[in-house]
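Summary of the model geometry
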Amino acid sequence: MTSVAQPLPPSAELAVVHVPVSDPRVETLIRELGDEYSARYGKDAHAEIARYPDEEFTAPYGGVLLLLLERGEPVAGGAFRRYDATTAELKRIWTHSAHRRRGLARRVVDELEREAGARGYRRIYLTTGPRQPEARGLYLATGYTPLFDTEADPETIGPLPFEKHLPDETRTAPTGKAADL
C-alpha cells in the first residue's frame, strides 16, 4: 500500500537554503527530475537537465538554486536563471517523491518569486512539458499567465510557456545573500 504524504502542518519548520548544484543534497533532485522526465517522455532527460551550465544557477550569473529542508533532508527545490535583464526563468522545480501533495512545490515557487524580486527581476518566465498536468495546474493556481492556447491539446504545443509579472512590493534592491549553506 502506498502512503500519501500529509499536507504540511502550519507549525512544521522548513529551512530554505541556497546551494550550488555541486552540493550533495542536490543529487536527489537532479536524479528524480531526470527519472520523472524520462518516464513521461520516453527518452533520457538527464541530458536536458545538463543543458544549462551549473553556474547559471549562481548569484554572480543572476540565478539561484534553493532547497527546502525538513529535519535537514531535502524535500523540495527549484531554481531560476537569468532569462534577460528583467526576467528570471524558473527551472528544476521538484518535490521529493515521498513528499508530494503537501504544498511544497507552491512553497518553492513562492520562495523563488521572492528571491527573484529581491534581485530586481520584474518578470518570471517558465516552460513545462505537455505531459506534466500537475505542473500546469500549479502555475495556473499561482497566478501565471499561459502563453499558449489552453484549449489546445498540450501534445500539439510542445513546451508550455507561462509568465508572471512580479508585483512592485516584491522587487527590492538586493540586501545581501540569504542563507547559503
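Conventions adopted
Residues numbered from 1 in each chain as written. Predicted model: local features only at pLDDT ≥ 70, side-chain atom pairs only at ≥ 80, totals over all residues. Heavy atoms only, no water. Helix = DSSP H or I, 4+ residues; strand = E, 2+ residues; numbered from the N terminus. Buried < 20%, exposed > 50% of the residue type's maximum accessible area, 1.4 Å probe, protein only. Contact = heavy atoms within 4.5 Å. Areas by Shrake-Rupley, 256 points an atom, 1.4 Å probe, with all protein chains shown as cover. Pairing = 2+ DSSP bridges. Axes fitted to C-alpha atoms, helices over the stretch in contact; angles between N-to-C directions. 1 Å grid on protein atoms, 1.4 Å probe; cavity = no way out; pocket = protein on both sides within 12 Å on 5 of 7 lines; lining within 4 Å. Points joined across faces, edges and corners; volume = space filled by probe spheres on them. Core = buried A, V, L, I, M, F, W, Y, C linked by side-chain atoms within 4.5 Å. Phe/Tyr/Trp six-rings, centres within 6.5 Å; stacked < 30°, edge-to-face > 60°.

**Looking at the overall build of the protein**
- Regarding its fold elements, the protein presents four helices and seven strands.
- Overall, the protein shows an N-to-C arrangement of helices and strands of β-α-α-β-β-β-α-β-α-β-β.
- The burial tally for the protein puts 44% of its 181 residues in the buried class.
- Counting contacts in the protein only where the partners sit at least 6 residues apart, residues at least 24 apart contribute 65% of the total.
- A total accessible area of about 9,700 Å² is found for the protein, and carbon and sulfur atoms account for 52% of it.

**So, the sheet that holds strand S3 (residues 73–84)**
- With mixed pairing, the seven strands of this open sheet are ordered in space as S1-S2-S3-S4-S5-S7-S6. Strands at the two margins of the open sheet, each flanked by one partner only, are strand S1 (15–18) and strand S6 (145–146).
- Against the sheet, helix H3 (residues 104–118) engages S1, strand S2 (64–70), S3, strand S4 (87–95), strand S5 (123–128) and strand S7 (160–165), with an angle of about 40° to S3.

**Notes on the layout of surface pockets**
- Its boundaries defined by the atoms lining it, the largest pocket holds a volume of some 1,200 Å³.
- Taken together, 40 residues make up the lining of the largest pocket; nearest its centre are Tyr37, Ile93, Thr128, Gln132 and Ala135.
- Put simply, the parts of the chain that give the lining of the largest pocket at least two residues each are helix H1 (27–41), helix H2 (46–49), S4, H3, S5 and helix H4 (133–141).
- The dominant element in the lining of the largest pocket, judged by the number of residues it contributes, is S4, at seven residues.

**Brief notes about the nonpolar core**
- Counting 26 residues, the largest nonpolar core has Phe80, Leu90, Leu112, Tyr139 and Tyr144 as the members making the most contacts within it.
- The set of elements that each furnish at least two residues to this core consists of S2, S3, S4, H3, S5, H4 and S7.
- Among the elements that line this core, the one with the most residues is H3, at five residues.
- Not counting the four nearest positions on each side in its chain, Tyr144 is found in contact with Leu90, Val109, Glu113, Ile124, Leu126, Tyr139, Phe162, Glu163 and Lys164.
- Listed in part, the 16 residues of the second largest apolar core include Ala45, Ile49, Leu69 and Trp94.

**Re the packing of aromatic side chains**
- The final tally for this structure, using the stated rule, is five aromatic pairs.
- Ring geometry for Tyr139 against Tyr144: centres 5.7 Å apart, planes inclined by 70°, an arrangement best described as edge-to-face.
- Their ring planes at 55° and their centres at 5.6 Å tell us that Tyr139 and Phe162 sit as a pair that is tilted. Placement of Tyr139 in helix H4 and of Phe162 in strand S7 is noted, with a sequence separation of 23 residues between them. In this pair, the class of Tyr139 matches that of Phe162, namely buried.
- Through successive ring pairs, a cluster of aromatic residues spans Tyr139, Tyr144, Phe148 and Phe162.

**Examining unusual backbone geometry**
- Its identity is not glycine, yet Arg92 carries a phi of approximately 55°, on the positive side.
- In this structure, Arg92 sits in strand S4.
- Backbone geometry places Arg101, a non-glycine residue, at a positive phi of 70°.
- With respect to the secondary-structure elements, Arg101 resides in the loop between S4 and H3.
- You can call Arg101 exposed: its relative accessible area is 72%.

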